[in-house]
Amino acid sequence: MERKQIFSNKIEEAAKTLRAGDTVLFSGTVYTARDAAHKKIVAALDSGEPLPFPLKGATVYYAGPTPAPEGMAIGSCGPTTSGRMDPYSPRLLDLGLKCMIGKGERSPAVVDAIRRNGAVYLCAIGGAGALAAQCVKKLEVIAFPELGCESVKRLEVENFPLIVAIDSQGNSLFDRNSHNAD
């Protein structure tokens, strides 16, 4: 199966063409944020404070990377369970978030928001944090350093192997009742 090369600065266009089950190599900017960071981002929205990164067209990776060993940009960087971000995701998608990377199923409300906003949900391989770390070329903590590994980080990734789990049409690899394959 051929992997599609996608770039973060073209994710809005790519999301329209990706289909559940496609494998991709993702390159460009992604922001890490787990549930503690999502809670702070939503609090910032509620109080009118600036966000740590622009949501429009952004990609968020649900990960809490470990400190970098010598010679690497990052330590282990595997995905966390995406369902923990489900209470926050529809609002962020409605405000322009285009791509989420994590592992596991998403709620019906998130699937609806993905479809409504022409977004996409990609899955990384759980348990392969060392492999994911090899794709990270640069890391910068940009918000909430008090959260430690769960701070918001800007990552530059290259050829990060992912699979399209939920496409912009709402087709899902997790839906046992649908027929996603052509």
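Draft legend 1. Quick look at the overall build of the protein chain. For the protein chain, the helix and strand inventory stands at five helices and seven strands. Reading the protein chain from its N terminus to its C terminus gives the helix and strand order β-α-β-α-β-α-β-α-β-α-β-β. For the protein chain, the C-alpha radius of gyration of 15 Å lies close to 16 Å, the compact-globule estimate for 182 residues. Each of the 182 residues in the protein chain was classed as buried or not, and the buried ones make up 51%. Restricting the contact set of the protein chain to residue pairs at least 6 apart, pairs at least 24 apart contribute 61%. Charged side chains of the protein chain number 21 positive and 20 negative; the gap between the two group centres comes to 0 Å.

Draft legend 2. Inspection of the side chain of Ser8 at higher detail. Mapped onto the secondary structure, Ser8 falls in the loop between β1 (4-7) and α1 (11-17). A distance of 2.8 Å separates a polar atom in the side chain of Ser8 from the backbone nitrogen of Thr29. If sequence neighbours within four positions are ignored, Ser8 has contacts with Phe26, Ser27, Gly28, Thr29 and Gly57.

Draft legend 3. Highlighting the side chain of Glu150. Checked against the element boundaries, Glu150 lands in the loop between β6 (136-143) and β7 (152-166). Glu150 gets classed as buried once you look at its relative accessible area, which sits at 19%.

Draft legend 4. Seen up close, helix α2 (residues 35-47). The terminal C-alpha atoms of α2 lie 18 Å apart, and with 13 residues this matches the ideal 18 Å at 1.5 Å per residue to within 8%. Contacts made by the buried residues of α2 are with β3 (59-61), α3 (89-94) and β7. Downstream of α2 by one or two residues, Gly48 has phi in the positive range, about 75 degrees.

Draft legend 5. Unusual backbone geometry, seen in detail. A positive phi angle, near 55 degrees, is found at Phe144, a position not held by glycine. Examined against the element boundaries, Phe144 turns out to sit in the loop between β6 and β7. Accessibility expressed as a relative area gives 18% for Phe144, which makes it buried.

Draft legend 6. How the structure looks around the environment of Ala119. Position of Ala119 among the secondary structure elements: in the loop between α4 (108-117) and β5 (120-123). In sequence terms Ala119 and Ala15 are 104 residues apart; their C-alpha atoms lie 5.8 Å from each other. For Ala119, the residues in contact, after removing those within four places along its chain, are Ala15, Leu93, Leu97, Lys98, Ile114, Asp167 and Ser168.

Draft legend 7. How the structure looks around α4. Restricting attention to buried positions, one finds in α4 the residues Val110, Val111, Ala113, Ile114 and Asn117. The buried residues of α4 all sit within an arc of 160 degrees when viewed along its axis, so they share a single face. α4 presents Pro108 and Arg116 as exposed residues on the side facing more than 90 degrees away from its buried surface. Considering only its buried residues, α4 is in contact with α3, β4 (99-102), β5 and β7.

Draft legend 8. Local environment of the packing of aromatic side chains. Counting across every chain of the model gives two aromatic pairs. Pairing Tyr31 with Phe53 gives two aromatic rings, centres 4.2 Å apart and planes at 5 degrees, and the pair type is stacked. With Tyr31 in strand β2 (residues 23-32) and Phe53 in the loop between α2 and β3, this pair connects stretches of sequence that are 22 residues apart. We note that Tyr31, like Phe53, is buried. Aromatic pair Tyr61 and Phe160: ring centres 5.3 Å apart, planes at 70 degrees, arrangement edge-to-face. Residue Tyr61 is located in strand β3, and its partner Phe160 is located in strand β7; the two are separated by 99 residues in the primary sequence.

What counts and how
- Residues numbered from 1 in each chain as written.
- Predicted model: local features only at pLDDT ≥ 70, side-chain atom pairs only at ≥ 80, totals over all residues.
- Heavy atoms only, no water.
- Helix = DSSP H or I, 4+ residues; strand = E, 2+ residues; numbered from the N terminus.
- Rg over C-alpha atoms; globule rule 2.2 N^0.38 Å.
- Buried < 20%, exposed > 50% of the residue type's maximum accessible area, 1.4 Å probe, protein only.
- Contact = heavy atoms within 4.5 Å.
- Lys, Arg positive; Asp, Glu negative; His and termini not counted.
- Charge placed at Lys NZ, Arg CZ, Asp CG, Glu CD.
- Polar contact = N/O pair within 3.5 Å; in protein donor to acceptor, adjacent residues only side chain to side chain.
- Expected span 1.5 Å × (residues − 1).
- Arc of directions from axis to C-beta.
- Phe/Tyr/Trp six-rings, centres within 6.5 Å; stacked < 30°, edge-to-face > 60°.

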